[in-house]
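# Architecture and fold: a report
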Amino acid sequence: LPPEAVALCRAKAPDAFVLLDAAHGFFGLPLKLTGPRRDYPVDAVVTNCHKWFCGAKGTALLHVGEEAQEWLEPLVISHGYGSDLPSGFYWPGLADWSSFLALDEAMAFWDLVGIEPARTYCNYMVRDAAVLLADAWGTELGIPEELLSTMALVHL
């Protein structure tokens, strides 16, 4: 989702709650979510951490802007409800927490080796494969080449 699409949403409905579903975005894009120069001026972002980011199966992140934290509530009330936003979403039940405990190690891995070279490499591999397929099939890319990251769209 290009930031221009967020601007279009804001122009059409200035008070709308805008959630960016960045399923593969945590690895595929450098997401700056806070501060005045953030990449995506959205109210919340949800992304998974398995697959591309090398996090354990089932791990994900939810980033909620400060304004929305005041009214956003979990669907299932947790023992931490009423303290702060993350505590309100904890619900241990019968969950296996080992995947979430391993997420720190995945983040430490990317801090050690550097995520940007891997991101750049994967983005070029996807772009090259998409162009190769489009040429072989006599079709074209579904989106401009400069918008490709870790996923591509090729017309059939």
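In the block above lies the structure referred to throughout.
All of the points below concern the structure found in this document.

About the criteria used
- For every chain, the first residue of its written sequence is number 1, and the numbers climb from 1 along that sequence.
- A pLDDT threshold of at least 70 governs which residues receive local features in this predicted model, and a stricter bar of 80 or more applies before side-chain atom pairs are shown or counted, although totals over entire chains, interfaces and linings include all residues.
- Based on all heavy atoms of the structure, the side-chain values leave hydrogens and waters out of the count.
- Categorising residues by exposure relies on relative accessible area from a 1.4 Å probe, with only protein chains included: less than 20% of the type maximum marks a residue as buried, more than 50% marks it as exposed, and the intermediate range marks it as partly exposed.
- To qualify as a helix, a DSSP run of H or I must reach at least 4 residues; to qualify as a strand, a run of E must reach at least 2; elements of each kind are numbered from the N terminus.
- Two strands qualify as a pair provided that DSSP identifies no fewer than 2 bridges between them.
- For the purposes of this section, nonpolar cores are sets of buried Ala, Val, Leu, Ile, Met, Phe, Trp, Tyr and Cys residues that join through side-chain atoms within 4.5 Å.
- Whenever Lys or Arg places a side-chain nitrogen within 4 Å of a carboxyl oxygen from Asp or Glu, that contact is recorded as a salt bridge.
- The contact definition used throughout considers only heavy atoms, calling two residues in contact when any of these lie within 4.5 Å.

Judged by how many residues are buried, strand 2 (residues 44-48) sits mostly within the fold: four of five residues are covered. Relative to strand 2, strand 1 (residues 19-21) runs parallel, the two being bridged by three bridges. If you follow D21 over to strand 2, its bridge partner there is V46.

This next bit is on the nonpolar core. Ranked by size, the top nonpolar core spans eight residues in total: F27, C49, F53, L103, A106, W110, I115 and C122. At the level of elements, helix 5 (98-113) and helix 6 (115-137) are the ones that each hand at least two residues to this core. When residues of this core are assigned to their parent elements, the largest contribution, three residues, is made by helix 5. Counting seven residues, the second-largest nonpolar core is a separate cluster that includes V6, L20, Y40 and V45.

With the rule as written, the count across this model stands at four salt bridges. Ionic pairing is found between E116 and R119, a salt bridge with its closest N-O pair at 2.6 Å. Placement of the pair is E116 and R119 together in helix 6, with a separation of three residues, close to one helical turn. Note that E145 and R127 form a salt bridge whose closest N and O atoms lie 3.4 Å from each other.

Within the element layout of this structure, V131 appears in helix 6. What makes V131 partly exposed here is its relative accessible area of 27%. In sequence terms V131 and L153 are 22 residues apart; their C-alpha atoms lie 10.0 Å from each other. Contact partners of V131, with chain neighbours within four places excluded, come to L141 and E145.

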